[in-house]
Amino acid sequence: MDNIILYGIDYYKKSVFKGSYKGMCFRIAKGGDEDNMALTVTAWRGPYILEKTEEEPLTRDFPFTQEGLDEAEQWLTETQKILGNT
């Protein structure tokens, strides 16, 4: 995603990242439990917030590692082509 810089993996231990890119909204948060943490990434067609959108959002879990965050960024890039305005 051009011009979107995701924080390092430690950021997601305590915070949620929300953003939008070319018509797609997304949310990245810690998921799972302490023994099996994951990055839970949710994407939906904008412009509305998740709680107000009528479409079913797409959600996927990734390993809670830097590599998992890199995979999540790639997934968001691919998902934007489906959900967003190119």
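Predicted model only: the values in this text are computed from it and were never measured. Residue numbers here run from 1 along each chain, matching the order of that chain's written sequence. This being a predicted model, a pLDDT of at least 70 is required before a residue's local features are given, and a value of 80 or more before pairs of side-chain atoms are given or counted; all residues contribute to the totals for chains, interfaces and linings. The side-chain figures draw on all heavy atoms in the structure; neither hydrogens nor water molecules are used.

Chemist: Quick question: what am I supposed to make of the overall build of the protein here?
Modeler: Helix numbers and strand numbers start at the N terminus; a helix is a DSSP run of H or I with at least 4 residues, a strand a run of E with at least 2. When helices and strands are counted, the protein shows one helix and four strands. For the protein, the succession of helices and strands along the chain, N to C, is β-β-β-β-α. By the compact-globule yardstick of 12 Å for 86 residues, the protein fits well, its C-alpha radius of gyration being 12 Å. With the C-alpha coordinates aligned to their principal axes, the bounding extent of the protein is approximately 35 × 25 × 15 Å. Residue burial is assigned from relative accessible area. The probe radius is 1.4 Å, only protein chains are included, and a residue is buried under 20% of its type maximum, exposed over 50%, and partly exposed in between. The burial tally for the protein puts 37% of its 86 residues in the buried class. Using C-alpha atoms as the atom set, the radius of gyration is obtained and then compared with a globule rule of 2.2 Å times the number of residues to the power 0.38.

Chemist: What am I meant to see in the side chain of Thr 79 here?
Modeler: Assignment of secondary structure puts Thr 79 in helix α1 (residues 66-83). Overall, the relative accessible area of 4% leaves Thr 79 in the buried class.

Chemist: Before we go on, may I ask you to explain the sheet that holds strand β1 (residues 17-21) in this structure?
Modeler: Strand pairing within a sheet occurs via backbone hydrogen bonds; the two strands may be parallel or antiparallel. Strand pairing is assigned whenever DSSP identifies at least 2 bridges connecting the two strands. Here four strands make up an open sheet; going across it, the order is β1-β2-β3-β4 and the pairing antiparallel. The open sheet has two free edges, formed respectively by β1 and β4 (58-63), since each of these has just one partner strand. Across the sheet, the axes of successive neighbouring strands diverge by a mean angle of 25 degrees, strand direction being ignored. Across five bridges, β1 lies against strand β2 (residues 24-33) in antiparallel orientation. Directly across from Gly 19, in β2, lies its bridge partner Phe 26. Angles here are taken between N-to-C directions and fall from 0 to 180 degrees, while the axes themselves are lines fitted to C-alpha atoms, restricted in helices to the stretch in contact.

Chemist: Just to check I follow, could you spell out the environment of Glu 54 for this structure?
Modeler: Topologically, Glu 54 is positioned in the loop between β3 (36-45) and β4. Of the residues examined, Glu 54 reaches a relative accessible area of 82% and is grouped as exposed. Expressed as a C-alpha distance, the spacing of Glu 54 and Trp 44, which sit 10 residues apart in the sequence, is 9.6 Å.

Chemist: When you look at α1 in this model, what are you seeing that I'm missing?
Modeler: With 18 residues, α1 ought to run about 26 Å at 1.5 Å a step, and its terminal C-alpha atoms sit 25 Å apart, in line with that. By definition, residues are in contact when any of their heavy atoms lie within 4.5 Å. Contacts made by the buried residues of α1 are with β1, β2, β3 and β4. Every helix has an expected span of 1.5 Å times one less than the residues it contains.

The values reported here are purely geometric and, on their own, carry no functional implication.
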